[in-house]
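Below are the chains, spelled out letter by letter.
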Amino acid sequence: MMRTPTLPVTAPGSGSKIVFARLTLMMLLEFVVFGSWFATLGLVLATYGLPTIIGTAYSLAAVAAIASPMFLGAIGDRFLAAQKSLGLAHLAGGVVMLFLPTVVESGNGGLALALIFVYCLFFQPTLGLANAIGFRHLGANQRWFPYIRVFGTFGWVIAGFGVGALGLSASVGMFYVTAIVSFLFGLYSFTLPATAPAAKGVRFSIGDVIGSKAFAMFRHRNFTVLIICALLTSISLGVYNTYASPFLGALGIGNVAGVLAIGQAAEVLFIVTIPFVLKHIGMKWALLIGIVTWGVRFGVFIAAAGDHWLAIVAVALQGICNDFFLVLAAMYIGEIAPAELANQAQTMLIAVVSGFGQLIGALVSGEIYDSVVASDPSAGPAVWTPMWIVPIVSAVITAIIWASFFRHGRKDKPVPFVSAATAG
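Here the structure is a predicted model, which is why all the values come from computation and not from measurement.

**Quick word on the overall build of the protein**
For step 1, the next point in the chain: From N to C terminus, the protein includes 16 helices and 0 strands.
For step 2, the next point in the chain: Here the contacts in the protein between residues at least 6 apart in sequence split such that 86% fall between residues at least 24 apart.
For step 3, the next point in the chain: Total accessible area on the protein stands at roughly 17,600 Å², and carbon and sulfur atoms take up 71% of it.

Printed below as a string of structure tokens:
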């Protein structure tokens, strides 16, 4: 059973405290950059007459999440110190962001999509780089990492409230905010503790980069069920990320970025309940709560067409949706994956969730949006209902698969996967 992470009883020295503070600021800035543009990109595109490319834009972001670790991430692991890779990626991303306002205002959808894709190729590897730098310099104090990572959520909240307070939720001025923070963070990254390339001197292998060794874990029944359900659940995540902000805008909600930040704030609140829930109902049923809540969330979105305040309730359900599925899924893999496959198994989960699942969700919802919503923009919020049916159906199917095939009693301990190397 996973326990709530606790700091070491012995107080860290002043040097450790300084490293902890520097890593905390790193994680905060990483997600200020992410949250300043990703949440309301769809609303901005719709505002400037480009609603039909929203689905494609988020699909390209998902493709970049799959492709960029394969190339830029692998190169950085072998030839550049992690903090330098982090800095260069954010500086390059900041430059790309400077061009987006003019392109979007001009209505050039093709060029806007190209710039968004290029930006995501630079940005996506930085999520893993920030984690790698954090783990490397915590050393024996790995238990501190959750305290560092939670500042990433705070960073997203700060970005959302900040963009909203500036009145930029639906403005191309949002891209300038992202560019400025990217430049600041890029420069700060070069001051982070030196982190030598993790795979320096290791022969380049496409198989290792894409996590092919973790394919052996599909012999573990529960892992297979988990990955299938993660794929289906992340389709709902793709729909939400792509069209939540335009929907809130269609409801007449002004500070969309600030409202969406409520979801990240809820994540902070619900994550502290995980140990209690695991203790009392176990891993299987806790994960089922997360799966079902995704369906409930979009049911609330349908009801929000008649009562706009319900949309805020749907946003706040982010805490349960993410913490009780995505976080618990990563925890479960951490318990069953052997050390030699742990990183690749987690990489597979990220690729399935942030890549393939969100790609499917963005593409499917994009088709529905273009044919139903964009074709009749004056029809009102109720016209969005067919789009919300997709994640509801996905949640129902996922819940049935999960409840039927995942074998794990409330008091059972996870059964670790034994790899061939370990068995031999």
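Once you've had a look at it, read on.
**Comments concerning the environment of Trp37**
For step 1, the next point in the chain: The topology assignment puts Trp37 in helix α1 (residues 14-37).
For step 2, the next point in the chain: For Trp37, a relative accessible area of 2% puts it in the buried group.
For step 3, the next point in the chain: Here Trp37 is in contact with Met97, Tyr119, Cys120, Met174 and Thr178, once residues within four sequence places are set aside.

**Structural notes on the packing of aromatic side chains**
For step 1, the next point in the chain: Under the criterion given, the structure shown has 28 aromatic pairs.
For step 2, the next point in the chain: Their ring planes at 50° and their centres at 6.2 Å tell us that Phe31 and Phe34 sit as a pair that is tilted. Taken together, the residues Phe31 and Phe34, both in helix α1 and 3 residues apart, mark about one turn of the helix. For the pair formed by Phe31 and Phe34, the shared burial category is buried.

**A few points about helix α9 (residues 221-250)**
For step 1, the next point in the chain: The terminal C-alpha atoms of α9 lie 43 Å apart, and with 30 residues this matches the ideal 44 Å at 1.5 Å per residue to within 8%.
For step 2, the next point in the chain: The principal kink in α9, of about 50°, is found at Tyr243, preceding the proline Pro246 by one to four residues.
For step 3, the next point in the chain: Judged by how many residues are buried, α9 sits mostly within the fold: 24 of 30 residues are covered.

**Quick look at the packing of α9 against helix α15 (residues 385-405)**
For step 1, the next point in the chain: Their axes nearest at 10 Å, the elements α9 and α15 cross at an angle of 165°. Considering their axes alone, α9 and α15 lie roughly antiparallel with respect to each other. For the pair α9 and α15, the crossing hand works out as left-handed. Within the contact between the two elements, α9 uses Arg221, Asn222, Val225, Leu226, Cys229, Leu232, Thr233, Ile235, Ser236, Val239, Tyr243 and Phe247 and α15 uses Met387, Trp388, Pro391, Ser394, Ile397, Thr398, Ile401, Trp402 and Phe405.
For step 2, the next point in the chain: Grouping the amino acids of the contact of α9 with α15 by side-chain chemistry returns 15 nonpolar, 5 polar and 1 charged.

**Some points on the environment of Ala314**
For step 1, the next point in the chain: Inspection of the secondary structure puts Ala314 in helix α12 (residues 310-316).
For step 2, the next point in the chain: Placed 54 residues apart in sequence, Ala314 and Leu260 show a C-alpha to C-alpha distance of 9.9 Å.
For step 3, the next point in the chain: For Ala314, the contacting residues outside a window of four places in its chain are Arg297, Val300 and Phe301.

**A look at a nonpolar patch on the surface**
For step 1, the next point in the chain: There is a patch of nonpolar side chains on the surface, built from Phe79, Leu80, Leu88 and Phe190 and spanning about 400 Å² of accessible area.
For step 2, the next point in the chain: Considering the arrangement of structural elements, one finds Leu88 in helix α4 (residues 82-106).

**Considerations on the packing of helix α11 (residues 274-303) against α15**
For step 1, the next point in the chain: Running from amino to carboxyl end, α11 crosses α15 at an angle of 165°, the nearest separation of the two axes being 8 Å. Classified by the angle their axes make, α11 and α15 are roughly antiparallel. Where α11 crosses over α15, the handedness of that crossing is left-handed. Judged by residue contacts, Lys284, Leu287, Leu288, Ile291, Val292, Trp294, Gly295, Phe298, Gly299, Phe301 and Ile302 of α11 engage Thr385, Trp388, Ile389, Pro391, Ile392, Ala395, Thr398, Ala399, Trp402 and Ala403 from α15.
For step 2, the next point in the chain: Residues that form the contact of α11 with α15 fall into these classes: 16 nonpolar, 4 polar and 1 charged.

**A few points about helix α13 (residues 318-336)**
For an α-helix, 3.6 residues make a turn, and residues three or four places apart therefore share a direction.
For step 1, the next point in the chain: Taking 1.5 Å as the rise per residue, α13 with 19 residues should run 27 Å; its terminal C-alpha atoms sit 26 Å apart, in good agreement.
For step 2, the next point in the chain: For α13, the principal kink sits at Leu328 and spans about 30°.
For step 3, the next point in the chain: Taken across its 19 residues, α13 has 15 buried, putting it largely inside the fold.

**Focus on the side chain of Ser394**
For step 1, the next point in the chain: Here Ser394 shows up in helix α15.
For step 2, the next point in the chain: Note on Ser394: relative accessible area 9%, which makes it buried.
For step 3, the next point in the chain: A polar atom in the side chain of Ser394 sits 2.8 Å from the backbone oxygen of Leu232.
For step 4, the next point in the chain: Among residues more than four places away in sequence, those in contact with Ser394 are Leu232, Ile235 and Ser236.

**Brief notes about the confidence of the model for the protein**
For step 1, the next point in the chain: This prediction gives the protein a mean pLDDT of 84; 83% of its residues lie at or above 70.
For step 2, the next point in the chain: For the stretch residues 1-14, pLDDT sits under 50, and the model shows 20 contacts to residues farther than four places along the chain or on other chains.

**Here's the deal with the side chain of Gln83**
For step 1, the next point in the chain: Structurally, Gln83 is set in helix α4.
For step 2, the next point in the chain: With relative accessibility at 6%, the residue Gln83 sits in the buried group.
For step 3, the next point in the chain: Other than its neighbours up to four places away in sequence, Gln83 contacts Ile133, Ser189, Phe190, Leu192, Pro193, Ala194 and Thr195.

**Considering the environment of Leu359**
For step 1, the next point in the chain: By secondary structure assignment, the location of Leu359 is in helix α14 (residues 339-373).
For step 2, the next point in the chain: In sequence terms Leu359 and Ser234 are 125 residues apart; their C-alpha atoms lie 8.9 Å from each other.
For step 3, the next point in the chain: Apart from residues no more than four positions distant in its own chain, Leu359 is found in contact with Ser59, Ala62 and Val63.

Thresholds, definitions, all that
- Residues numbered from 1 in each chain as written.
- Predicted model: local features only at pLDDT ≥ 70, side-chain atom pairs only at ≥ 80, totals over all residues.
- Heavy atoms only, no water.
- Helix = DSSP H or I, 4+ residues; strand = E, 2+ residues; numbered from the N terminus.
- Contact = heavy atoms within 4.5 Å.
- Areas by Shrake-Rupley, 256 points an atom, 1.4 Å probe, with all protein chains shown as cover.
- Buried < 20%, exposed > 50% of the residue type's maximum accessible area, 1.4 Å probe, protein only.
- Phe/Tyr/Trp six-rings, centres within 6.5 Å; stacked < 30°, edge-to-face > 60°.
- Expected span 1.5 Å × (residues − 1).
- Bend = angle between axes of the 7 residues up to and from the residue.
- Axes fitted to C-alpha atoms, helices over the stretch in contact; angles between N-to-C directions.
- Parallel < 35°, antiparallel > 145°, perpendicular 65-115°, else oblique.
- Left-handed = near helix turned anticlockwise from the far one by under 90°.
- Nonpolar A, V, L, I, M, F, W, Y, C, P; charged D, E, K, R; others polar.
- Patch = residues over 30% accessible without salt bridge, like charges linked within 9 Å, V, L, I, M, F, W, Y side chains within 5 Å.
- Salt bridge = Lys/Arg side-chain N within 4 Å of Asp/Glu carboxyl O.
- Polar contact = N/O pair within 3.5 Å; in protein donor to acceptor, adjacent residues only side chain to side chain.
- pLDDT = per-residue confidence, 0-100.

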